[in-house]
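Each chain is listed here by its residues.
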Amino acid sequence: MISYSGGAPFTSLIDSAVSAQSSHLGRAAHAHILKTLGSPLPLILSNYIVNMYSKLDQPNSAQHVLSLTPNRSVVTWTSLIAGSVNNGHFSCGLTHFRAMLRESIQPNDFTFPCALKASGSLRCPVAGKQVHALAFKVGQVRDVFVGCSVYDMYCKTGCRHDACKMFEEMPEKNIATWNAYISNSVLDGRPHDALCAFIEFLDAIGEPNSITFCSFLNACSDLSNLQLGEQLHGHVIKSGDAGDVSVANGLIDFYGKCESFQCSEMVFNGIGVGNDVSWCSMIAAYQQNGEEEKACMLFLRARKGGIHPSGFMLSSVLGACAGLAIVELGRAVHAVAEKACVMGNVFIGSALVDMYGKCGSLEDATRAFYNMPDWNLVSWNAMLSGFAHLGHADMAIGLFNKMTSSGNHGIEPNYVTLICVLTACSRGGSVKAGMEIFESMGSRFGIEPVAEHYACVVDMLGRAGMVEQAYEFIKKMPMKPTVSVWGALLGASRVYGKPELGGIAAHKLFELDPQDSGNHVLFSNMLAAAGRWKEANAVRVEMKDCGIKKTTGYSWITFKSEIHVFQAKDSSHARDNEIQAMLAKLRRDVVAAGYIPKTDLSLYDLEEEERESEVWCHSEKIALAFGLITLPHGVPIRITKNLRICLDCHDTIKCISGIIGREIIVRDNNRFHRFKDSQCSCRDYW
C-alpha cells in the first residue's frame, strides 16, 4: 500500500464534488482515493468522504463508509448525523445519534444542534428533552449554539414554558439566539413579543443581520403595521443593508401583505441582481393585492429570464389565473409545474384544483384533485368550493361525507368547509340536506355557526322561494346580521318580487355599508321592475346626493393570451365593426327564436324601443360577440364580469347558447353561469 503523507489533493477533489453537487464526481473521487491509498483509509479522509456523501444526500454510501472506518470519531458521526438532518432525514439522524452514544462517543457542540433540530422537526419533545438532558449532563448546554438549538427545539415542539425558561437561563445570547427568539415569536402568533424582543436586542447587541430584519418585518406584516415597517426600511437604508437581497425580499413581502404593492414594486425594481425569491415575492404581492394581470405578466417575464419556478411562485400565479379566470394561462402553468416536477407538492395541487374550479372547468378540477398523491384540508376545501360555485350539491355532499369518513382518517372540517358545503346546498336547491348540516355543525363537528354560515342558510331559503322564512330566520339569529346576511335577503326579494322585504334588507345594508353602490342599484332595479319608477329614481337621487358612484361594469375575455376588456356601449375596440355586426345578428336570431327582452329592468324610464337598444349595449353581450368572432367553434367561450350579470343578459345568453350550439361560461362577482343547450347551471337563480 502506498504510504499516506498528506491529504490536500484528495480533500480538494472531495470539495469539488460537493461544490458541484455531483454524486457521480464524488464516487469517482472516492474510487481514486481507494485506488491510490487502499483500505482502510486514514481517519481524516474517511471523515471527508462521509461528509461528502452526507451532503450529497447519499445516506447509504455515507453509512457504509462510516462502518468501514475502524476508529470512528465524533467528527465522523457528526458528519453522518448532520447530513441526514440537513437533507430532511430526521428520524435517521436521531437513530445515528443513538448509535454514536452506544459506542461511548460523546457528542460535541456541532452534534447536539443537529440532534435537537431533528427532534424539533419531528415535533418530538420527548426526544428533544432527552438530548437537552444529555447536553446539560456533559456541560455543553452552556454553549451559545447548543443553548440556542435547545430553545428552538422547545419552540417547534410547542413547549412554550420550557422555551421561555431556557431563553432566560442562557448565560450568553448572541445574534443567532435573538433571531431564534424573534422568529419563533412570530411563528407562534406573538408578533407583539417579537417587536419588543427586537427593541431589547438593539440595546443588547445593536447590529441586526438580514434574518433579524426579515423576522421583524414578518411581525409587522402580521400586525398590518405599515408605519413600523416603513421605519425599519428607513433604518435598513441608513445602515447600508438595503443592498442585501434577503432584506429586499423581506421588504417586498412585507409591503405586499400590508396592501402597499407600489412600495413592493419600488423595492423590486431597485434590486441590482434579484434571485428566485425576489421574483416569487413580487408575484405574490401582486396576487395578494388583486393585481392578477400584473402577477401573470411578471411570471411570464420571469420565465423568459430563466428564473426557476418554485412551488410558491406557481401557487401564486395559479391564484392570479383563478382571479382573472384565465384557464388558458392556468393550463400553461400546470404544464410548467409538471415539467418542474413539483406536482407532488400538496400546495401546487390545491392551487390547481382552486384555479380550475374558479375558471368553471370542473372536470379539470376533479382530475387535478384525484391526481394528487395526498390531500390536506385546503385541497378538500378547494374541491368543495368548485362544486359550490357551479351548484353541484349532491357531489359536494358526497365529497364532504368522504372527507369526514374514517377511511380518510376522518379529516376534521373547518368553518370554511361548512361554508362551501352550505353554499353548494343553497345553489343546488338542497334545502333539507343543507339545514341538516347547519343544525348539526356544533354537535357533529364542534363548530359554532358564524355570520357566514347564517348567510348561506338565508340564501338557501331565499333561493327556494321561502323569502318570508328567510326573514324570520334572520330575526332569530344569535348575533347581529351582517352585510352578507341582508344581501342574501335582498337578492331573494329581487328574484321573487318581494319589494317590501327587499326594502327592509336594503335599508339595513345602507346603514351597514352606505358606500356600496351595488345595494342601491339592486334595490333601485327591483323597484323599477315593479313599475315603481318614482321610488327607483329617488334611490338614484339619494346615491348622487351622498356622493355614491355606481361601480363601472366591465366584462373581459381572453384571446391568444391577451385580455380584452369591454364596458357598456363600448365602441373602442379595433374590431368594433365586426362586433356590432355580430350583435345585430344575435339580436335577430333571438327575436326569431321568440325571446322577449327583459326591458322592465332597464336602468331608466325609457320608451320600449329605447329600452331594447339599451339592454343590447351591456358589456357581457359585447364580450360574447367578440368571443364568437375570434374563438373557433367547439371552444367554450369564457367571460368574466366584475359585477352581477343582469337578468336580460343572463336569459339572452342562455337563449344564444342553444341557437349557436356553444358552451358559454360567465363568471360574475357572485357565481358561475354555465350556459349550454339553452340552460344555465344556476337554474335561473343568482
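Residues numbered from 1 in each chain as written. Predicted model: local features only at pLDDT ≥ 70, side-chain atom pairs only at ≥ 80, totals over all residues. Heavy atoms only, no water.

With respect to unusual backbone geometry
Argument step 1. Phi at Ala325 is positive, roughly 60°, even though this residue is not glycine.
Argument step 2. According to the relative accessible area criterion, Ala325 is buried, its value standing at 12%.
Argument step 3. Even without being a glycine, Asp677 presents a positive backbone phi close to 55°.
Argument step 4. With respect to the secondary-structure elements, Asp677 resides in the loop between β5 (672-676) and β6 (679-680). (Buried < 20%, exposed > 50% of the residue type's maximum accessible area, 1.4 Å probe, protein only. Helix = DSSP H or I, 4+ residues; strand = E, 2+ residues; numbered from the N terminus.)

Notes on the pairing of strand β4 (residues 664-667)
The two faces of the sheet receive side chains in turn, since in a regular strand these alternate between them.
Argument step 1. Judged by which residues are buried, β4 turns out to be covered on both faces: Ile664 and Val666 on one side and Ile665 and Arg667 on the other are all buried.
Argument step 2. The antiparallel hairpin formed by β4 and β5 contains 4 residues in its connecting segment. (Pairing = 2+ DSSP bridges.)

A short note on the environment of Pro478
Argument step 1. Mapped onto the elements, Pro478 comes out in the loop between α29 (467-475) and α30 (483-495).
Argument step 2. The exposure class assigned to Pro478 is exposed, which follows from its relative accessible area of 63%.
Argument step 3. In the structure, Pro478 is positioned 28 residues away from Val450 in sequence and 9.4 Å away in space, judged by C-alpha atoms.

Description of the packing of helix α28 (residues 451-463) against α30
Argument step 1. Contact geometry for α28 and α30: axes closest at 8 Å, N-to-C directions at 5°. Considered as vectors, α28 and α30 are oriented roughly parallel to each other. Contact residues: Ala451, Tyr454, Ala455, Val458, Asp459 and Gly462 in α28; Ser484, Val485, Ala488, Leu489 and Ala492 in α30.
Argument step 2. When grouped by side-chain class, the residues that make up the contact of α28 with α30 number 8 nonpolar, 2 polar and 1 charged. (Axes fitted to C-alpha atoms, helices over the stretch in contact; angles between N-to-C directions. Parallel < 35°, antiparallel > 145°, perpendicular 65-115°, else oblique. Contact = heavy atoms within 4.5 Å. Nonpolar A, V, L, I, M, F, W, Y, C, P; charged D, E, K, R; others polar.)

Concerning the environment of Leu324
Argument step 1. Within the fold, Leu324 resides in helix α19 (residues 311-324).
Argument step 2. Contact partners of Leu324, with chain neighbours within four places excluded, come to Glu292, Glu293, Cys296, Trp556, Ile563 and Thr640.

Considerations on the pattern of salt bridges
Argument step 1. Per the stated rule, a full pass over the model turns up 22 salt bridges.
Argument step 2. Taking the shortest distance from any N to any O, the salt bridge between Arg367 and Asp364 comes out at 2.6 Å. A residue pair is termed a helical-turn pair when its members lie 3 or 4 positions apart in one helix, as Arg367 and Asp364 do in helix α22 (residues 362-370) at 3 residues.
Argument step 3. For Asp364, a relative accessible area of 14% gives the class buried.
Argument step 4. Its salt-bridge partner being Glu535, residue Arg532 comes within 2.7 Å of it at the nearest N-O pair.
Argument step 5. Using a relative accessible area of 37% as the deciding quantity, one classes Glu535 as partly exposed.
Argument step 6. The structure contains a network of salt bridges with shared partners spanning Arg160, Asp188, Arg190 and Asp193. (Salt bridge = Lys/Arg side-chain N within 4 Å of Asp/Glu carboxyl O.)

Some points on the sheet that holds β4
Argument step 1. Read from one edge of the open sheet, 6 strands run β2-β1-β3-β4-β5-β6, paired in mixed fashion. Two strands lie at the open edges of the sheet, namely β2 (562-567) and β6, each paired on one side alone.

Some points on helix α24 (residues 393-404)
Argument step 1. Between its first and last C-alpha atoms α24 spans 16 Å; for 12 residues at 1.5 Å apiece the expected length is 16 Å, and the two agree.
Argument step 2. Among the residues making up α24, those that are buried are Ala393, Ala396, Ile397, Leu399, Phe400 and Met403. End-on view of α24: buried residues confined to an arc of 165°, all on one side of the axis.
Argument step 3. On the buried face of α24, the contacting elements are α22, α23 (377-389), α25 (415-428), α26 (431-439) and α27 (441-445). (Expected span 1.5 Å × (residues − 1). Arc of directions from axis to C-beta.)

Here's the deal with the pairing of strand β3 (residues 637-641)
Argument step 1. Most of β3 is tucked away: 5 of the 5 residues are buried.
Argument step 2. By the bridge criterion, 2 bridges tie strand β1 (residues 554-559) to β3 in an arrangement that is antiparallel. What sits directly across from Ser555, in β3, is Lys641.
Argument step 3. Pairing between β3 and β4: 4 bridges, direction parallel.

Topic: helix α11 (residues 175-187)
Argument step 1. In this model, α11 (13 residues) spans 18 Å end to end at C-alpha, consistent with the 18 Å of a helix rising 1.5 Å per residue.
Argument step 2. Along α11, the residues that are buried comprise Thr177, Trp178, Asn179, Ala180, Tyr181, Ile182, Asn184, Ser185 and Val186.
Argument step 3. Where α11 starts, the residue carrying a side-chain oxygen 3.1 Å from the main-chain nitrogen of Ala176 turns out to be Asn174.
Argument step 4. Remark: Gly189 follows α11 within two positions and exhibits a positive phi of approximately 80°. (Polar contact = N/O pair within 3.5 Å; in protein donor to acceptor, adjacent residues only side chain to side chain.)

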